[in-house]
Amino acid sequence: MSVIEVLFFDGCPNHEGFVPHLRALLDSAGVDDPIHERAVETDVDARAHRFLGSPTLRIDGVDVDTTAEQRTDYGLQCRLYPTQDGVRGTPPDEWILAALQRRQSALAAD
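Cut-offs applied
- Residues numbered from 1 in each chain as written.
- Predicted model: local features only at pLDDT ≥ 70, side-chain atom pairs only at ≥ 80, totals over all residues.
- Heavy atoms only, no water.
- Axes fitted to C-alpha atoms, helices over the stretch in contact; angles between N-to-C directions.
- Helix = DSSP H or I, 4+ residues; strand = E, 2+ residues; numbered from the N terminus.
- Parallel < 35°, antiparallel > 145°, perpendicular 65-115°, else oblique.
- Left-handed = near helix turned anticlockwise from the far one by under 90°.
- Contact = heavy atoms within 4.5 Å.
- Expected span 1.5 Å × (residues − 1).
- Bend = angle between axes of the 7 residues up to and from the residue.
- Buried < 20%, exposed > 50% of the residue type's maximum accessible area, 1.4 Å probe, protein only.
- Arc of directions from axis to C-beta.

*Asks:* What's the story with the packing of helix H1 (residues 13-28) against helix H3 (residues 93-109) in this structure? I'm lost.
*Replies:* The packing of two helices is summarised by the inter-axis angle and the distance between the axes. Across the interface, H1 lies against H3 with an axial gap of 11 Å and an inter-helix angle of 50 degrees. Considered as vectors, H1 and H3 are oriented oblique to each other. Crossing of H1 over H3 shows right-handed handedness. Residue-level inspection shows Phe18, His21, Leu22, Leu25 and Leu26 of H1 in contact with H3, the latter providing Asp93, Ile96, Leu97 and Leu100.

*Asks:* Is there a simple way to think about H1 in this case?
*Replies:* Count 3.6 residues to each turn of an α-helix, and residues three or four apart come out pointing the same way. Taking 1.5 Å of rise per residue, the 16 residues of H1 would be expected to cover 22 Å, and the 24 Å separating its terminal C-alpha atoms lies within 8% of that figure. Roughly 30 degrees is the biggest bend found in H1, and it falls at Val19, with proline Pro20 one to four residues downstream. The secondary structure elements touched by the buried residues of H1 are strand E1 (4-8), strand E2 (35-39), strand E3 (56-59) and H3. Once H1 ends, the next one or two residues include Gly30, with phi positive near 80 degrees.

*Asks:* Sorry if this is basic, but what is going on with H3 here?
*Replies:* The end-to-end C-alpha distance of H3 is 24 Å, a good match for the 24 Å that 17 residues give at a rise of 1.5 Å each. When we look at burial in H3, the residues that qualify are Ile96, Ala99, Leu100 and Arg103. Angular distribution of buried residues about the axis of H3 spans 95 degrees; they occupy a single face of the element. Residues of H3 that are exposed and angled more than 90 degrees away from the buried face: Glu94, Ala108 and Ala109. On its buried face, H3 is in contact with H1 and E3.

The following block contains the structure:
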């Protein structure tokens, strides 16, 4: 079972529509693990959780954005995702599915 976590701050317009979309995407991929939502409320929390903005999606503690580890721009902000189709307010489905695949590969290797 994976830990699927969406970090957000109250008032982020991208977070509210993202969670139902994520659930539908996970269901279509055969993943029935629950989605845990975690509110980040202060800049101190943002730094402690390495919060790059809302929404942030992590699977087993790993951001679906493979470039996230190099970033340090933590804070209460809307997150922007640079994609092939331009900048978006949520991670692309391909990134989410790739993160799930990486996790499955890692489990199979153990």
